[in-house]
Every structure is written in structure tokens, then in C-alpha cells.
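Listed here are the chains, written in short residue letters.
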Amino acid sequence: MSELGQRLREAREQKQINLDDLQKTTKIQKRYLLAIEEGNFDALPGKFYARAFVKNYAEAVGLDSEQIFQEFGNELPNPHKEGSELPSRRSARAQKTPTAPKKKSKGYSIFPALVAGLLIIVVFAGIWVFAQYNSQDSAEGVVPEEQDDRFEGEISEEIPTVPDEEEEEVATVEEETAADEEEVEEQTQVLSQTEVSGNHSYYTLDGTDTFEVKLLATGRSYVGIANAKGNSFFAAEVKDGDELDYDFSAEEEITFNLGASNNVQLLINGEPFELPLEAVHQKVTITFALANE
């Protein structure tokens, strides 16, 4: 047992509070409370929640949470140094950003014909040069003008030329390919914090044409979800294992009201969203930039 866990347990026993009562008060599962007392922070749903759980525990047994953090802060995991268990927004975005397939064009079917035409030109040009060289050696001089003109005429008639239309189609294919690559690069999701007021944080979602949300409950918590007009999508208590899925791509703004935020995880377009505050009760408003354009 760690010194922090022993201090919390002694305070709980002095208050004659058992773990079942403490679970009801803090809304933290009994197994997590026991893990805190034993100093086993790896058993928590994430290192990000360690400080929030300890804060709730300390206040529930009558201890000053700030003083506890000052005395035993070195025992708590630091998610900013050690890394959160959830994948970072940038890495998840890099792994899950789809690559748009390049458009197929009939221009690609022309390339074999172009290659064949170029090979024919090279072969006939080589034959012509070789014939000229041999003719000069055999005659010990310059080939007669009329014979040279006749030979050049035969060669020029058999050498194919590349139609201008095919060259234009090749250029069009290259332009369409470049446009597709630029469109893929533009589909980069950016979730930026714009303001924090008390326990209310504000964000802007940009760089994507979708706004899909998944909410995962790791314990009991009140969850409220509403749009900018006050229309409610959900307002009830969730329990461990509950999942909520919504597509807000047509909404301009969505506000999440989380009663016990330490028991809730949010994913925006499949990417984990780390709640910005350690407050147990907090609100998060996300403005969808595309819907406002």
C-alpha cells in the first residue's frame, strides 16, 4: 500500500465510511477505490482519471485535496509526461484518415499505344541512320540526291505521329490526379479550443465534413446532449458499459453536459477527445465549422 493510499484509507476508517458508501458518494466504482488505496493506478480506466478520482475520494472523507496533491503528488501518474492510454488526436487522425482512390480515366488506356508508337519511331530512325551510313560507305561518296529523297520519303510515310487529342487526354489525367491528391490533403480534422469559462469549455471542429460522436460510459454519470437551439438529443443517467452514437454533421453546435465526467469518454469522428478540465461536472460545446459555412 502506498503512503497516499494509506492516508486516504485511514481518513475513511476514521469517518467510519465503508467502500460501498464511498462508491455511492463519489460515483467511483468500488474496485477503483480499492486500487487507489493500494496505489495500483494501472488498474484505473486511464492515467488521465487518477487525479480526478483521488480528488473525489479525498473530499468525500473530509481531506483537503490540494494539500493531498502537494504531499503525495509524486505518487500520482502524470498523463502529460507518461502519455495517456488513449491514442493522441494527431496519431489517430493519421491512422484513420482515408486515402481517396484515384479516379480512373480512359487516358490510361492510351499509354500502351503511345509507348508502342515511340518504339516504332526509334526503330525506324535507327534503320534510317544505319542505311545512310552503309550507302555512303558503298558509294564512296554522297548518295545521289534523288535516291536519298526517295528513301527519306518511304521512311517518313511509315513513321506514325502522336495525335494532339491523345496528348491533351494525358495532360487531363495528370491534372485530375493532382486535384484528387489536393482534395485528400484538405480532409484533415482540426479540433481547436477557443474559450474556457468556469467549468464550460468551447471548441471548433474544422477540416472535415462529418461530425460523428461516440460516448462510452465507464461508470455512472448524468449525460445531457443538446444543440444550439436547445433541442435535447439525450438527458439521462448512463452506467458502466453504455454507448451512445450520434451523427451531428447537420448541426451547427452541440453541447455535452457531463455530471461525472471522469466516468465518460468521448470520440469525435473516431478520434478520442480528452476532456480539458479535471472538474467532475463540466460542459463542452463544439461548433461545427462546416455547418456554419
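Per-chain numbering applies: the sequence of each chain, read as written, is numbered from 1 onward. Two thresholds apply to this predicted model, a pLDDT of at least 70 for residue-level local features and 80 or more for giving and counting side-chain atom pairs, whereas whole-chain, interface and lining totals are computed over all residues. For side-chain calculations, the full set of non-hydrogen atoms in the structure is used, while hydrogens and water are omitted.

*Asks:* Teacher, can you tell me more about the sheet that holds strand β2 (residues 200–206) here?
*Replies:* The strand order across the open sheet formed by six strands is β1-β2-β10-β7-β4-β5, and the pairing between neighbours is mixed. Both outer strands of the open sheet, β1 (190–197) and β5 (232–238), are each paired with one neighbouring strand and no more. Going across the sheet, the axis of each strand differs from the next one's by a mean of 15°, ignoring polarity. When DSSP finds two or more bridges between two strands, those strands count as paired. Think of it this way: any DSSP run of H or I at least four residues long counts as a helix, any run of E at least two long counts as a strand, and we number them from the N terminus. By the bridge criterion, seven bridges tie β1 to β2 in an arrangement that is antiparallel. Considered in β2, the bridge of V196 is made with S201. The angle between two axes is taken between their N-to-C directions and runs from 0 to 180 degrees, where each axis is a line fitted to C-alpha atoms and a helix contributes only its stretch in contact.

*Asks:* So what exactly am I meant to see when it comes to the pairing of strand β10 (residues 282–288) here?
*Replies:* Taken residue by residue, a regular strand's side chains alternate between the two faces of the sheet. Most of β10 sits inside the fold, with five of its seven residues counted as buried. By the bridge criterion, six bridges tie β2 to β10 in an arrangement that is parallel. What sits directly across from H200, in β10, is K283. Here six bridges tie strand β7 (residues 253–258) to β10, and the two strands are oriented antiparallel to one another. Bridge pairing in β10 links E253 to T287. The buried label goes to any residue with under 20% of its type's maximum accessible area, the exposed label to any with over 50%, and the partly exposed label to all in between, with areas taken from a 1.4 Å probe on protein chains only.

*Asks:* What is the right way to read the packing of helix α3 (residues 30–38) against helix α4 (residues 50–60) from this model?
*Replies:* Two numbers describe a pair of packed helices, the interaxial angle and the distance between the axes. Here α3 crosses α4 at 90°, and the two axes come no closer than 11 Å. One way to sum up the angle between α3 and α4 is to call them roughly perpendicular. Residue-level inspection shows Y32, L33, I36 and E37 of α3 in contact with α4, the latter providing F53, V54 and Y57. A per-class count over the contact of α3 with α4 returns six nonpolar, no polar and one charged. Each angle gets one of four labels, with under 35 degrees taken as roughly parallel, over 145 as roughly antiparallel, 65 to 115 as roughly perpendicular, and the rest as oblique. In this analysis, two residues are considered to be in contact whenever any of their non-hydrogen atoms come within 4.5 Å of each other. Under the convention adopted here, Pro, Cys and the residues Ala, Val, Leu, Ile, Met, Phe, Trp and Tyr are nonpolar, Asp, Glu, Lys and Arg are charged, and Gly plus all remaining residues are polar.

*Asks:* Even after reading the chapter, I still don't get the pattern of salt bridges, so can you show me in this structure?
*Replies:* A side chain of one charge can pair with a side chain of the opposite charge when the charged atoms of the two come close. Salt bridges are identified by distance alone: a Lys or Arg side-chain nitrogen within 4 Å of an Asp or Glu carboxyl oxygen. Scanning all chains against the criterion turns up 11 salt bridges. For R12, the salt bridge goes to E37, with nearest N and O atoms at 2.8 Å. Highlighted residues: R12 in helix α1 (residues 3–14) and E37 in helix α3, separated in sequence by 25 residues. Overall, the relative accessible area of 2% leaves E37 in the buried class. Sharing partners across several salt bridges, the network here consists of K214, E243 and D245.

*Asks:* What should I look at first to understand the sheet that holds strand β3 (residues 212–217) in this one?
*Replies:* Pairing between sheet strands relies on hydrogen bonds along the backbone, with the strands arranged either parallel or antiparallel. The four strands lie next to each other as β6-β3-β8-β9, forming an open sheet whose pairing is antiparallel. The sheet terminates laterally at β6 (243–247) and β9 (271–273), the two strands that pair on one side only. The average angle at which neighbouring strand axes cross in this sheet is 25°, direction not considered. Two strands pair when backbone bridges link them, and strand β8 (residues 264–268) and β9 are joined in this way by three bridges, in the antiparallel orientation. In the sheet register, L266 faces β9, and the bridge partner there is F273.

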